[in-house]
Amino acid sequence: ALLTDAVKLVYASTFFAAAKAYRTAAGIDPGDEKMGVIIQQLVGERYGNYFYPTISGVAQSHNYYPFAKMKPEEGIATVALGLGKTIMEGENCLFFSPANPGVLPQFSKTEDYLRNSQREFFAVDLTRSSVFPEVGGEVGLIRLDLKDAEPHGVLQFVGSTYSADNDRVYPGVGRKGVRLVTFDPILKANRFPLAEVLQYFLELGSGAMNVPVEVEFAVEFNPEPNKPNEFRLLQIRPMKVATSFEDVSIEEGDEDDVFCRSDQALGNGRIDGIRDIVFVGNEGFRRENMAGMAAEVGDYNAHFKKQRLPYMLIGPGRWGTTDRWLGIPAKWDQISAARVIVEADYGDFMVEPSFGTHFFQNLITFSIAYLTVNSASGTSRFDWDWLNGLRAESETEFVRHVRLEHPLEVLVDGRSGDAVVLYWQNGSHG
């Protein structure tokens, strides 16, 4: 009876507000939609009153946010201890390229481990197995701490230990200290060939479908040494952005229509609907003022977050840096509502782009386009004259807000890393 009720709930979910809004945006006629329900065995093991897999993950064959030694065509994987809800909710988890599993900039310093590693996980609460299915399917889940997982023996496969005595992180859980989920035993000690397995399935799937693919998977380890561990392929499908992959092509065209052009962009797709621009003024810019700029940007961000309006954020140097001499030391909650973030050079103030740790992780999670504009590059462009000539909707000591009559058109090509922002509807200097 509970299984029947759960299937009914899945069908009923197509009439939820979010599903209806998606169909409207995608131009799908509800009468034409046909849907089946797949019943799968849940991957994992029972540990007392809880049930969960050691590893849940999602991998994509194309990476729109490459950093360090990563290449877009090498793909990207996201993994977490426990159920995949940790990943879906954008909580702390681990990103890595299957082709370069040892490159983990999110863990470049000890403090990064403490700030960015997973400390909690989701499991099925078996004490509530008779609960009637509810909207969202979350009523049977429970959030657990790593101390709950340690007696289950799973941290030996994914864990590390932080020692406060010498401020170091050690692979494994064989010593006293704070437990962290780092996946070091797998990605660095190769206790399980996860990277190689993912490379195989991503290549197989994208070759068979002839489009970039997304794979959902789970891994369960057998505690008995002579029995094999288990990799379960849960789902493989075309990447959700694959439909726009070929549509977004950045070509040299009429520069009179281009407000901003970048050849170092992260993300992919077409972004419409942005009428608001928040930017740090370049006239009279002084880098010693950047700490004060963070608070003013944060106030604007809070306003747009409350209004649920997307906006473009433009500023000097590196966003998210802790060094106020390299960029505005804004915390994530001070810029989180921006749909497009531009890292621009201000006169002789230019720094190399740096996509750091948790800031980079949030760009991926929220699909935010990130453009770096370097005037030293022959293809980059930024029209300060047009931007400074617009009437300010509001203004603070360092930051201006302008509202456009027509929305900007933002195009980001995830294959080449090129991006343009077009203002043709709003007029230009051409």
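Residues numbered from 1 in each chain as written. Predicted model: local features only at pLDDT ≥ 70, side-chain atom pairs only at ≥ 80, totals over all residues. Heavy atoms only, no water.

Here we look at the packing of aromatic side chains
Here is step 1 of the chain: The final tally for this structure, using the stated rule, is 15 aromatic pairs.
Here is step 2 of the chain: With centroids separated by 5.6 Å and ring planes inclined at 75°, the aromatic side chains of Phe192 and Phe221 adopt a geometry described as edge-to-face. Pair noted here: Phe192 is in the loop between helix 7 (184-187) and helix 8 (194-209) and Phe221 is in the loop between strand 11 (213-220) and strand 12 (230-238), with a separation of 29 residues, a long-range link. No difference in accessibility class separates Phe192 from Phe221, as the two residues are buried.
Here is step 3 of the chain: Site record: aromatic cluster; members linked through ring pairs are Phe259, Phe279, Phe382, Trp384, Trp386 and Tyr423.
Here is step 4 of the chain: Its end group placed over the ring of Phe122, Lys85 keeps NZ or CZ at 5.5 Å from the ring centre.
Here is step 5 of the chain: Its end group placed over the ring of Tyr170, Arg175 keeps NZ or CZ at 3.7 Å from the ring centre. (Phe/Tyr/Trp six-rings, centres within 6.5 Å; stacked < 30°, edge-to-face > 60°. Helix = DSSP H or I, 4+ residues; strand = E, 2+ residues; numbered from the N terminus. Buried < 20%, exposed > 50% of the residue type's maximum accessible area, 1.4 Å probe, protein only. Lys NZ or Arg CZ within 6 Å of the ring centre and 35° of its normal.)

Some thoughts on the nonpolar core
Here is step 1 of the chain: Ranked by internal contacts, the top residues of the largest apolar core, which has 57 residues, are Phe259, Ile277, Met312, Ile314, Leu371 and Leu387.
Here is step 2 of the chain: Leave out the neighbours within four places in its chain, and Leu371 touches Cys260, Ser262, Gln264, Ala265, Val340, Ile341, Val342, Glu343, Val412, Ala419 and Val421.
Here is step 3 of the chain: The next biggest cluster of nonpolar side chains, apart from the first, holds 39 residues, and it includes Leu94, Val154, Leu155 and Phe183. (Core = buried A, V, L, I, M, F, W, Y, C linked by side-chain atoms within 4.5 Å. Contact = heavy atoms within 4.5 Å.)

So, the sheet that holds strand 6 (residues 120-125)
Here is step 1 of the chain: Read from one edge of the open sheet, four strands run 1-2-6-7, paired in antiparallel fashion. At either margin of the open sheet sits one strand with a lone partner, and together these are strand 1 (45-47) and strand 7 (141-145). Each neighbouring strand pair of the sheet contributes to a mean axis angle of 45°, computed without reference to strand direction.
Here is step 2 of the chain: Across three bridges, the pairing between strand 1 and strand 2 (residues 50-52) is antiparallel. Bridging from a neighbouring strand, Glu45 pairs with Tyr52 of strand 2. (Pairing = 2+ DSSP bridges. Axes fitted to C-alpha atoms, helices over the stretch in contact; angles between N-to-C directions.)

Let's talk about the environment of Asp165
Here is step 1 of the chain: Its place among the elements puts Asp165 in the loop between strand 8 (159-163) and strand 9 (168-171).
Here is step 2 of the chain: Put simply, Asp165 and Gly177 are 12 residues apart on the chain and 9.1 Å apart in space, counted from C-alpha to C-alpha.

Looking at helix 8
Here is step 1 of the chain: With 16 residues, helix 8 extends 22 Å from end C-alpha to end C-alpha; this agrees with the ideal 22 Å at 1.5 Å per step.
Here is step 2 of the chain: Of all the positions in helix 8, only Leu194, Ala195, Leu198, Leu202 and Gly205 are classed as buried. Angularly, the buried residues of helix 8 cover 105° about the axis, an arc narrow enough to put them on a single face. Of the residues in helix 8, the exposed ones pointing more than 90 degrees away from the buried face are Tyr200, Glu203, Gly207 and Ala208.
Here is step 3 of the chain: Elements in contact with the buried residues of helix 8: strand 3 (55-60), strand 4 (76-81), strand 5 (94-96), helix 7, strand 11 and strand 12.
Here is step 4 of the chain: One or two steps after helix 8, the chain reaches Asn210, where phi turns positive at roughly 65°. (Expected span 1.5 Å × (residues − 1). Arc of directions from axis to C-beta.)

Description of a nonpolar patch on the surface
Here is step 1 of the chain: Nonpolar side chains collect at one region of the surface, where Met209, Val211, Leu233 and Ile236 lie side by side and expose about 260 Å² of accessible area between them.
Here is step 2 of the chain: Position of Leu233 relative to the elements: it lies in strand 12.
Here is step 3 of the chain: The exposure class of Leu233 is partly exposed, given its relative accessible area of 36%. (Patch = residues over 30% accessible without salt bridge, like charges linked within 9 Å, V, L, I, M, F, W, Y side chains within 5 Å. Areas by Shrake-Rupley, 256 points an atom, 1.4 Å probe, with all protein chains shown as cover. Salt bridge = Lys/Arg side-chain N within 4 Å of Asp/Glu carboxyl O.)

Looking at the sheet that holds strand 12
Here is step 1 of the chain: Spatially, 5-4-3-11-12 is the arrangement adopted by the five strands of the open sheet, whose pairing is antiparallel. Because the sheet does not close on itself, it has two edges, and the strands there are strand 5 and strand 12. The sheet shows a mean angle of 20° between the axes of neighbouring strands, taken without regard to direction.
Here is step 2 of the chain: Sheet strands touched by helix 8: strand 3, strand 4, strand 5, strand 11 and strand 12. Its angle to strand 12, the strand with the most contacts, is close to 30°.

Geometric descriptors of this kind do not, in isolation, establish any biological role.
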